[in-house]
Amino acid sequence: MTKRGLLRGAAGGGTGAGPGTAGQAARMPFVLLVVALLGGGLISLLLLNSALNQGSFQLSKLKKETTVLRDEQQELQRDVDGYSAPDALQRRAHELGLVPGGSPVFIGPDGKVAGTPAAAETPPPPSAPPVAQAPAASPAPPAAAASPTPSPAGSPSSGR
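Treat the numbers as computed from the prediction; the structure is a model and nothing was measured. (Residues numbered from 1 in each chain as written. Predicted model: local features only at pLDDT ≥ 70, side-chain atom pairs only at ≥ 80, totals over all residues. Heavy atoms only, no water.)

*Asks:* Quick question: what am I supposed to make of the pattern of salt bridges here?
*Replies:* Two side chains that carry opposite charge are able to pair once their charged atoms sit near each other. According to the stated counting rule, one finds one salt bridge in the structure shown. Between Glu 95 and Arg 92 there is a salt bridge, and its shortest N-O distance comes to 3.4 Å. With Glu 95 and Arg 92 both in helix H3 (residues 86-95), this residue pair falls three residues apart, about one helical turn. Here Arg 92 falls in the partly exposed class, since its relative accessible area comes to 47%. (Salt bridge = Lys/Arg side-chain N within 4 Å of Asp/Glu carboxyl O. Helix = DSSP H or I, 4+ residues; strand = E, 2+ residues; numbered from the N terminus. Buried < 20%, exposed > 50% of the residue type's maximum accessible area, 1.4 Å probe, protein only.)

*Asks:* Just to check I follow, could you spell out the confidence of the model for the protein chain for this structure?
*Replies:* Segments scoring low in pLDDT should not have their predicted coordinates read at a detailed level. Confidence in the prediction of the protein chain, expressed as mean pLDDT, is 76, and 64% of residues score 70 or more. When mean pLDDT is taken per element in the protein chain, strand E1 (residues 106-107) scores highest with 92 and helix H5 (residues 140-146) scores lowest with 45. Confidence drops under pLDDT 50 across residues 137-160; counting only partners more than four residues distant or on other chains, this segment forms four contacts. (pLDDT = per-residue confidence, 0-100. Contact = heavy atoms within 4.5 Å.)

*Asks:* Could you clarify how one ought to interpret the environment of Gly 97 in this entry?
*Replies:* Along the chain, Gly 97 turns up in the loop between H3 and E1. When its relative accessible area of 55% is taken as the criterion, Gly 97 is described as exposed.

Structure below.
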């Protein structure tokens, strides 16, 4: 053989299995590495997507719970506002037998009393609201018996 034949055989121009398969064998680890990286990436994306979905479900559950708790808080606040309204406080105090106080009296740090102390007096019974006066068919004697002192507004019998 000549030099040219040797060079051609060494360069891979021959039909032998030697040099051509060595290049393909060198590429195999690279292809496996790329496939492994792609597979790992896909698995990590799947895990990340699952974690985000789980967080989304938990977030929607917490939003629903927050809405329920906010509604309950508003309902309780309405109850507190109703109980702390001045007319509700006055009605409850009257039911308990409390009476409005008179002029305030203050005791100074030196022991002097500022103001005139006086006992609280029972206020007259409140006049009936207009809704309660609407039924005029009720007889006058039971109304007079309920009130120990006659009041000018409470005597409808004089107007008949």
